[in-house]
Every structure is written in C-alpha cells, then in structure tokens.
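Structural features, examined
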Amino acid sequence: MTIRVVVADDQELVRSGFAMILQAQPGIEVVAEAGDGAEAVEAVRRHAPDVVLLDIRMPRVDGIEAARTVCAETDCKVVMLTTFDQDDYVYEALHAGASGFLLKDVRRDDLVHAVRVVVAGDSLLAPSVARRLVADFTRRAVEVPAADPSEELGALTARERETLVLLGRGLSNAEIAAALVVSEHTVKTHVSNVLSKLGLRDRIQAVICAYETGLIARGG
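The model shown is predicted, which means the values in this text are computed figures rather than measured ones.

**A short note on helix α3 (residues 63–73)**
The complete set of buried residues in α3 reads G63, I64, A66, A67, V70 and C71. Projected down its long axis, α3 shows its buried positions confined to an angular sector of 160°, all on one face. Between the side-chain oxygen of the N-cap and the backbone nitrogen of I64 there are 3.1 Å, and the N-cap of α3 in question is D62.

**Description of the packing of helix α8 (residues 158–168) against helix α9 (residues 173–180)**
Interaxial distance between α8 and α9 falls to 10 Å at its minimum, and their mutual angle equals 135°. Here α8 is positioned oblique relative to α9, judged by the angle of their axes. Handedness of the crossing formed by α8 with α9: right-handed. Contact residues: α8 offers R159, E162, T163, L166 and L167, while α9 offers I176, A179 and L180. Classifying every residue of the contact of α8 with α9 gives five nonpolar, one polar and two charged.

Criteria and thresholds
- Residues numbered from 1 in each chain as written.
- Predicted model: local features only at pLDDT ≥ 70, side-chain atom pairs only at ≥ 80, totals over all residues.
- Heavy atoms only, no water.
- Buried < 20%, exposed > 50% of the residue type's maximum accessible area, 1.4 Å probe, protein only.
- Helix = DSSP H or I, 4+ residues; strand = E, 2+ residues; numbered from the N terminus.
- Arc of directions from axis to C-beta.
- Polar contact = N/O pair within 3.5 Å; in protein donor to acceptor, adjacent residues only side chain to side chain.
- Axes fitted to C-alpha atoms, helices over the stretch in contact; angles between N-to-C directions.
- Parallel < 35°, antiparallel > 145°, perpendicular 65-115°, else oblique.
- Left-handed = near helix turned anticlockwise from the far one by under 90°.
- Contact = heavy atoms within 4.5 Å.
- Nonpolar A, V, L, I, M, F, W, Y, C, P; charged D, E, K, R; others polar.

So this is what it looks like as structure tokens:
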C-alpha cells in the first residue's frame, strides 16, 4: 500500500526538502504541498492522504487550527513540525488531535521512519520526547479537575489499565513489556485494546487520557 502524504510549511525550502525526501522513498507518495494551514486543510480534503505534516506556525490558518479541522473531519494522521521551545503550541497540538511531533531539523531517515510508523498506528515519539511532552502536559493541566477513572475506564481489564499507566509515563513497547514481564506482541495487543475500547486515535491521545481521567496523578 502506498502511503499518501501532504506536506505543509510556509518555508518553501523546508517544505520542498521534506517532499523530495519522502517522494524518493518506495511506497510513499507526496500528493500535495501547502504553504499555510488553509491550503493544507483543502489539500487533505481533496487528496485524502494518510498523513499530513503540519508546521505549527503558518500564516492565515496556523498548524494547530489546521490539525483541529483535519482530525475532526478525517482519519488522516497529523504530525506537527516543531521546535520544543514552543511548549504552548505543543500542548495545544495534543488537544487538537496530533499523532506526534517532529523537530524541523529531523534527519532524513527519521523523517521517513516517522511517516511509516504513524501510519501503522505505533508510537511516533521517542520515549525521551514523550516524557518531555508528558511533563509539559501535567504542568499545564494541573489546575483542571480530573475525572473519576472508574467512570471512564471501566471497560479496561486490570492489565490494560496497567498498560495505559505506562503509556502515560511515556514508555516504549519494549519498556512496557519489561515492566509487565510480557512479550512486545502482548503489549501491542494491550495497546490496541486500550485505544479501541476508549475510542482513542493513538498513543498520544492515550497519554492525555491517562492524566485527564486521574489514572496518573498530575504533577506526580
């Protein structure tokens, strides 16, 4: 199956560079480029890609608003192009429905890998980056009352709850497998069940869920 990608960035050199790298890969097709969020949303509507790469800061409609629209209207995976000194934007992107983040100076191989991984529904973020996002999320969300986890998580088994806790702490599949003393295949099954039962798009949304339900104590 060919992975269809839209690349959106207001810097032409960045946009065309990413597009050239991806287009040169087997099984990946760049179906459109966009210079702002409005163009990106229109391109997603027109071409129905599997993934859209969105720069956070773009004119007219920024990447956050574009991500919010794309996630609300389609099943397209959204990957934000960012630098991690923009914590406010990272936090907003999580709630907009982004599936992950890439630094704009990402290496060629990591860019290609990220596109393939996010389409497969696996974790896009390295554990260290995930933990950075978790820390930022908990710092900013601490004033919002958490829900009773028993109300929203009742469909999960005890082991699936444990898996969600570890996802929330930014652990990779291998790290979760070690913590639970199970195989990575079993972990993938647990993760899939958690996402399905809770109606979550991906692992990033599972991180948010773990904190918003109070399953993991904020600030702890």
